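This is what each chain is made of:
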Amino acid sequence: MTDTLLLLVSDYGLLVISLATLLSCFALPMPSSLMMMAGGAFAAAGDLVLWQVCLGAFAGAVLGDQGGYLLARYRGGERLWAWLRRRPASARLLTQAEALLARRGGWAVYLTRWLFSPLGPYVNLIAGATRMPWRRFLLADLAGEATWVAVYVTLGYVFGTQIEELSDTLGNVIGALTAGMVTLLLGRALWAQRRATR
Amino acid sequence: MRRKAMLAVFVIAAGLTVFFITRAIFFAVFWMDPERGLHPVEPWMTPRYIGRTYDLPRADLQEILHLTPGETPRVPLEKLAQQRGIPVEDLIAEIEALIAARASK
């Protein structure tokens, strides 16, 4: 599987990397970080050009994120959100999520681009559905994706020979960080609930 | 009821955290193992990538791959083998022999 994808990168180059980062923004299972690292490794060897790899990955990722946001905002996401908020079962949780996004939305968008990247696609949809100001979303998105691309392409450039091992390790570190963050947030909410009911 | 659901998700998330930490440690240990030696040559690798990774002289590699001295195309080994109508394993074996010969020098 991994080898087939790496074969695609060496065969088609930039196009595959852009496509992978674009599709990963819609929660499709794309090993986009491995492909960015492969791009960096090929750039180090002289098969690809470094700035083109960065730009290609960056363009794909930003386009994908903006697509998710705009879809949620203008193609029904807003109405779905309003409907969910009227339902008593989900109203409170969603109002809380919306308030959190209004207060810390910029950071949520920035950090879910690279550090908690598995959550990125969903944050795009929530940001669009709750009408987070587009300029703020765009700025946080640009900064976050730039960080993501810079980190992985640099790692690929430096660790060229060991990208597969690095990707296996790092993928699980990101998974642990994301699951850990969700655990902490839920733990905090549960704790607050318990104190409130006492 | 909602609290129960939240608790369930909390337990699942905590379990996933432990699962990913274990996997991360496993892969890191595997990666750092000095006994493991060099990463094997694989069909997706390109001539330049192989040259840089295993520190091989360009001329030797070009000879194995039947490339002229000026040629270092961004073409994976698999395709180079296909073009010559030979199995990619043959090319990999020749390259690994070259790596071994250089390492023993």
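Here the residue numbering is sequential within each chain, running from 1 through the sequence in written order. For naming, the first written chain is A and the first written ligand is 1, with later ones following in the order written. Where local features are concerned, this predicted model is filtered to residues with pLDDT of at least 70; where side-chain atom pairs are given and counted, the filter is 80 or more; whole-chain, interface and lining totals use all residues. Heavy atoms throughout the structure, all of them, feed into the side-chain values; hydrogens and water do not.

### Concerning the interface of chain B and chain A
Residue contacts follow a heavy-atom distance rule, with two residues in contact if any of their heavy atoms lie within 4.5 Å. At the interface, 33 residues of chain B touch 43 residues of chain A. Between chain B and chain A, roughly 3,400 Å² of surface is buried when both sides are summed, and carbon and sulfur atoms account for 61% of that area. Joining two parts hides part of their accessible area as seen by a 1.4 Å probe, and the buried area is that hidden amount summed over both. Area buried by chain B at its contact with chain A is led by W31, W44 and R74 of chain B, which between them contribute 24% of it. Salt bridges are defined as contacts in which a side-chain nitrogen from Lys or Arg sits within 4 Å of a carboxyl oxygen from Asp or Glu. As a salt-bridge pair, R48 of chain B and D47 of chain A come within 3.2 Å of each other at their nearest N and O atoms. Whenever two N or O atoms come within 3.5 Å, that pair is a polar contact, provided that in protein one can donate a hydrogen and the other can accept it, and provided that, for residues adjacent in sequence, both atoms are side-chain atoms. Where chain B meets chain A, there are 20 residue pairs in polar contact (both at pLDDT 80 or more). At the level of elements, α1 (2-32), α2 (47-53) and α4 (77-84) of chain B are the ones that each hand at least two residues to the side of chain B that touches chain A. Comment: elements are numbered from the N terminus, with helices defined as DSSP H or I runs of at least four residues and strands as E runs of at least two.

### Brief notes about the domain arrangement of chain B
Along its sequence, chain B is organised into domain 1 (2-36) and domain 2 (47-104). The split of the chain into domains comes from an automatic or database domain assignment. Inter-centroid distance (C-alpha atoms) of domain 1 of chain B to domain 2 of chain B is 39 Å.

### Thoughts on the packing of aromatic side chains
For this analysis, a ring pair means two rings from Phe, Tyr or Trp (six-membered ring only for Trp) whose centres lie within 6.5 Å, classed as stacked if their planes differ by under 30 degrees, edge-to-face if by over 60, and tilted for the remaining angles. Applying the stated rule across the entire model yields 10 aromatic pairs over all chains. On the basis of an interplanar angle of 70° and a centroid distance of 5.9 Å, the ring pair of Y110 of chain A and W114 of chain A is categorised as edge-to-face. Of this pair, Y110 of chain A and W114 of chain A both sit in helix α6 (residues 88-114), separated by four residues, roughly a single helical turn. Any residue under 20% of the maximum accessible area for its type is buried, any over 50% is exposed, and the rest in between are partly exposed; the area is computed with a 1.4 Å probe on protein chains only. Assessed through its relative accessible area of 22%, W114 of chain A is described here as partly exposed. A ring pair is formed by W148 of chain A and Y152 of chain A, whose centres lie 6.4 Å apart and whose planes are at 75°; its orientation type is edge-to-face. A residue pair is termed a helical-turn pair when its members lie 3 or 4 positions apart in one helix, as W148 of chain A and Y152 of chain A do in helix α8 (residues 134-159) at four residues. Each member of the pair, W148 of chain A together with Y152 of chain A, is buried. Each residue in the set F42 of chain A together with W44 and Y49 of chain B is aromatic and connected to the rest through ring pairs, giving one cluster.

### Re the side chain of T21 of chain A
All names here are of chain A. When you line up the elements, T21 lands in helix α2 (residues 14-24). At a separation of 3.3 Å, a polar atom in the side chain of T21 contacts the main-chain amide nitrogen of A61. With residues near it in sequence (within four places) discarded, T21 still touches S32, M36, G56, A57, G60, A61 and W148.

### With respect to unusual backbone geometry
Notably, A27 of chain A is not glycine yet its phi reads approximately 65°, a positive angle. In this structure, A27 of chain A sits in the loop between α2 and α3 (32-45).

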